[in-house]
Amino acid sequence: HELLVLGRTLESRIYDQPTFIEGVQRLALSRPDVSVRILVFDARDAAVSAHRLVALARQLTSRIAIRTVDTETCDRRDALLVADGRGYVHRRSAELMEGFADFNDPRAARQLRNDFNQLWERSLPDSELRRLLI
């Protein structure tokens, strides 16, 4: 009932694919209490391209939130996706397409969720995306 994404960018090769977009849309519309939160360090490419995840967030503003990591307080280099506090995909380096995935590890997923929430608390609305989302 929750999807959390953290990355350097909204990587098109992952997050702008039809199957991913369809899954996010289904999730976001499945229940009113579903949360889809996305944190990126740099949203410029997504803001100027026709990124489907940005378009979906624009349509579902009350269900999908995209924000920018506060780079003043964060120097993380990893990327992650956490689903329902149970499963996760974690790449220690966002530049590499290798990492760990476990679809039933609540303890590790909870720790990654806590890390994400701390970043979310300090995150900012992105001015480029904000113009697109309004």
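Residues numbered from 1 in each chain as written. Predicted model: local features only at pLDDT ≥ 70, side-chain atom pairs only at ≥ 80, totals over all residues. Heavy atoms only, no water.

Considering the nonpolar core
Among soluble globular proteins, nonpolar side chains are generally buried collectively. By size, the foremost hydrophobic cluster in this structure holds 21 residues, and its most contacted members are Phe20, Val24, Val36, Ile38, Leu53 and Ile64. Elements with a contribution of two residues or more to this core: strand 1 (2-7), helix 2 (18-30), strand 2 (35-40), helix 4 (52-59) and strand 3 (64-68). In this structure, Ile64 is in contact with Val24, Ala28, Val36, Ile38, Leu56 and Ala57, ignoring residues within four places of it in sequence. Formed by 14 residues, the second largest nonpolar core is a distinct cluster that contains Leu4, Cys74, Val82 and Leu112. (Core = buried A, V, L, I, M, F, W, Y, C linked by side-chain atoms within 4.5 Å. Buried < 20%, exposed > 50% of the residue type's maximum accessible area, 1.4 Å probe, protein only. Helix = DSSP H or I, 4+ residues; strand = E, 2+ residues; numbered from the N terminus. Contact = heavy atoms within 4.5 Å.)

Quick notes on helix 2
Here helix 2 is 13 residues long and its end C-alpha atoms lie 18 Å apart, about the 18 Å a rise of 1.5 Å per residue gives. Regarding helix 2, the residues found buried are Phe20, Ile21, Val24 and Ala28. All buried residues of helix 2 lie within an arc of 95 degrees about the axis, which places them on one face of the element. Turned more than 90 degrees away from the buried face of helix 2 sit Thr19 and Arg26, all of them exposed. Packed against the buried residues of helix 2 are strand 1, helix 1 (12-15), strand 2, helix 4, strand 3 and strand 4 (79-83). (Expected span 1.5 Å × (residues − 1). Arc of directions from axis to C-beta.)

Describing the packing of helix 2 against helix 4
Running from N to C, helix 2 and helix 4 point in directions that differ by 20 degrees, and their axes come no closer than 10 Å. Relative to helix 4, the element helix 2 is oriented roughly parallel. The two elements helix 2 and helix 4 cross, and the hand of that crossing is right-handed. Contact residues: helix 2 offers Pro18, Phe20, Ile21, Val24 and Gln25, while helix 4 offers Arg52, Leu53 and Leu56. (Axes fitted to C-alpha atoms, helices over the stretch in contact; angles between N-to-C directions. Parallel < 35°, antiparallel > 145°, perpendicular 65-115°, else oblique. Left-handed = near helix turned anticlockwise from the far one by under 90°.)

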